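For reference, the chains in residue letters:
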Amino acid sequence: MNDEALVLTETHGKVGLIRLNRPKQLNALSDPLMDALGEALMGFERDPNISVMVITGNEKAFAAGADITRMKDLTYSEAFNGNFISRNWEKVLKCRKPVIAAVSGYALGGGCELAMMCDTIICGETAKFAQPEVKLGIPPGAGGSQRTPRAMGKAKAMDLCLTGRMMDAQEAERSGLVARVVPADKVVEEALAMASEMANYSITALMQIKELVNQAYETPLATGLLLERRGFHAAFSTQDQKEGMSAFVEKRTPTFRGR
Ligand code: CAA
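Everything quoted here is computed from the prediction, not taken from an experiment. (Residues numbered from 1 in each chain as written. Predicted model: local features only at pLDDT ≥ 70, side-chain atom pairs only at ≥ 80, totals over all residues. Heavy atoms only, no water.)

**A few points about the site of the ligand**
In step 1: Around the ligand there are 24 residues in total, and A66, I68, G110, E113 and E133 lie nearest to it.
In step 2: E113 has a polar side-chain atom sitting 2.7 Å from an oxygen atom of the ligand.
In step 3: A distance of 2.7 Å is found between an oxygen atom of the ligand and a side-chain nitrogen or oxygen belonging to E133.
In step 4: Among the elements of the structure, α2 (68–71), β6 (106–108) and α4 (110–117) are those that each provide at least two residues to the shell around the ligand. (Near = heavy atom within 4 Å. Polar contact = N/O pair within 3.5 Å; in protein donor to acceptor, adjacent residues only side chain to side chain. Helix = DSSP H or I, 4+ residues; strand = E, 2+ residues; numbered from the N terminus.)

Below is the structure:
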C-alpha cells in the first residue's frame, strides 16, 4: 500500500496490523477513512492465515475523533437518511476474530469509541482518552455514552462525558478502560506480542471466547452461563481440544489447526 492510503496494512505472522493514516488531521475519522478501515478489517477477517487484528494510529494520535470539518454543516436529514456512523463505523463489531486497539497519543470522541469497539485496549504512557463531544454541543455518537459506563462505571463515565476532560493512561488503566499501559515507544510492539500470543491458540477457541465475553454484556447472568456451558461442552467435539489436552499431558507444545 502507498503512503497516501487512508489505512496501511501489514501482516506479522498470523496477526493483521491496520494503521490509520491521516496524520495531518490527527487521524480524524472521515467517512472515506472508515470505509477503508472496514475494508481492511473485513479483508483480514476473511483471510484464513490471520487470527487476530490490531488497529493503531501514530505516535501523536490513535484518532482525534470524527472529522469535525466534514460534520460541521451536516443537517439532521443528511445524518439520519445517510445513516451516519451506523453505515460504516461498526465493521469492527462484525469481526469474529479478536481485535486489539493499540493507542498512542489522542483517542478522543470517535477515536475513544473506536478503541472501545475493539476487544481490548493497550496504550502508551502518554495516551489521552476523552469524550469531548459536549464541548461541540453534541452527545457522543459512536457508543461513548454506552460503552464508557460499561468499561468504567457510571460515575467516571458521567465525569468524562459531561466535562469532556482528558483521562491519562494511568487513570484509564485504573478505571478499567485499558488492559495494559506500556512505554510510549513500544505500543505497537507490545500489541503485536499480545496478538501473537493469542494467535498461537485455536482460532475456534478464540472466536468462541470472544463471543462468550461479549454475551456477558448482552444477556442475564444465567443465560450467559448457559451459553458458556454449552460452548464448553461443544468444545469436546473439536480436534483442537484433543490436541491441547494431549499436548499438556505429553509435556509438548500443542499445534492448533482450528478444527
Ligand atoms: N476533526 C477534524 N480535524 C481535526 C480533528 C477532528 N476531530 N482533530 C484535529 N484535527 C485537525 C486540526 O483541525 C488541525 O488541522 P489544521 O492543521 O488544518 O488546522 C490538525 O488536525 C492538528 O490539530 P491541532 O492543531 O488542533 O493540534 P493540537 O496539538 O493543538 O491539538 C487536539 C490536538 C487537542 C486533539 C485538538 O486537535 C482537538 O481538540 N481536536 C478535536 C477533538 C474532538 O473534539 N474530537 C471529538 C470529535 S466529535 C466525535 O467524535 C463525534 C462522535 O462521537 C462520533
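Don't stop here, the text continues.
**Re the pattern of salt bridges**
Side chains that differ in charge, positive against negative, can pair when their charged atoms come close.
In step 1: Scanning the model with the defined rule gives 14 salt bridges in all.
In step 2: With a shortest N-O distance of 3.9 Å, E228 and R229 are connected by a salt bridge.
In step 3: Exposure remark for R229: the relative accessible area of 39% places this residue in the partly exposed category.
In step 4: Each member of the salt-bridge network shares a partner with another, and the members are K156, D159, R165 and E171. (Salt bridge = Lys/Arg side-chain N within 4 Å of Asp/Glu carboxyl O. Buried < 20%, exposed > 50% of the residue type's maximum accessible area, 1.4 Å probe, protein only.)

**Side note on a nonpolar patch on the surface**
In step 1: A cluster of nonpolar side chains, namely I68, L136 and I138, defines an oily patch on the protein surface of about 260 Å² accessible area.
In step 2: With respect to the helices, strands and loops of the structure, L136 is situated in the loop between β8 (128–130) and α5 (144–152). (Patch = residues over 30% accessible without salt bridge, like charges linked within 9 Å, V, L, I, M, F, W, Y side chains within 5 Å. Areas by Shrake-Rupley, 256 points an atom, 1.4 Å probe, with all protein chains shown as cover.)

**Notes on the pairing of strand β3 (residues 52–56)**
In step 1: The buried fraction of β3 is high, at five of five residues.
In step 2: Along β3, one buried face is formed by V52, V54 and T56 and the opposite face, lined by M53 and I55, is buried too.
In step 3: In terms of strand pairing, strand β2 (residues 15–20) meets β3 through five bridges, oriented parallel. Across the sheet, V15 pairs through a bridge with V52, a residue of β3.
In step 4: A crossover links β2 with its parallel partner β3, the connecting element being helix α1 (residues 31–46), and its sense is right-handed.
In step 5: Across four bridges, the pairing between β3 and strand β5 (residues 99–103) is parallel. Bridge pairing in β5 places V54 opposite I100. (Pairing = 2+ DSSP bridges. Right-handed = clockwise from strand over helix to strand, strands pointing away.)

**Focus on the sheet that holds strand β4 (residues 61–63)**
In step 1: The mixed open sheet is built from four strands, whose spatial order is β4-β6-β8-β9. Among the strands making up the open sheet, the edge pair consists of β4 and β9 (167–168).
In step 2: Relative to β8, β6 runs parallel, the two being bridged by three bridges. Bridging from a neighbouring strand, A107 pairs with F129 of β8.

**Examining the packing of helix α9 (residues 203–215) against helix α10 (residues 221–235)**
In step 1: Across the interface, α9 lies against α10 with an axial gap of 10 Å and an inter-helix angle of 170 degrees. As summarised for this structure, α9 and α10 are arranged roughly antiparallel, according to the angle between their axes. Contacts between α9 and α10 involve Q208, L212 and Q215 on the former and, on the latter, L227, E228, G231 and A235.
In step 2: Classifying every residue of the contact of α9 with α10 by side-chain character gives three nonpolar, three polar and one charged. (Axes fitted to C-alpha atoms, helices over the stretch in contact; angles between N-to-C directions. Parallel < 35°, antiparallel > 145°, perpendicular 65-115°, else oblique. Contact = heavy atoms within 4.5 Å. Nonpolar A, V, L, I, M, F, W, Y, C, P; charged D, E, K, R; others polar.)

**Focus on the nonpolar core**
In step 1: Residues V103 and F129 are the most contacted members of the largest nonpolar core, which totals 45 residues.
In step 2: With eight residues, α1 is the single largest residue contributor to this core.
In step 3: When sequence neighbours within four positions are dropped, the list of residues in contact with F129 reads V103, A107, L108, C112, I121, C123, R165, M166, M167, A172, L177 and V178.
In step 4: Of all hydrophobic cores here, the second largest spans 15 residues; its members include I100, A102, V187 and L206. (Core = buried A, V, L, I, M, F, W, Y, C linked by side-chain atoms within 4.5 Å.)

**Here we look at a negative patch on the surface**
In step 1: On the surface, E59, E125, D185 and E189 cluster together to form a negatively charged patch.
In step 2: Position of E59 among the secondary structure elements: in the loop between β3 and β4. (Lys, Arg positive; Asp, Glu negative; His and termini not counted. Charge placed at Lys NZ, Arg CZ, Asp CG, Glu CD.)

**A closer look at the packing of aromatic side chains**
In step 1: What the rule picks out here adds up to two aromatic pairs.
In step 2: Here Y76 and F80 contribute two aromatic rings whose centre-to-centre distance is 5.7 Å and whose plane-to-plane angle is 10 degrees, an arrangement assigned as stacked. Pair noted here: Y76 and F80 are both in helix α3 (residues 76–81), with a separation of four residues, about one helical turn.
In step 3: Ring geometry for F232 against F236: centres 5.3 Å apart, planes inclined by 90 degrees, an arrangement best described as edge-to-face. (Phe/Tyr/Trp six-rings, centres within 6.5 Å; stacked < 30°, edge-to-face > 60°.)

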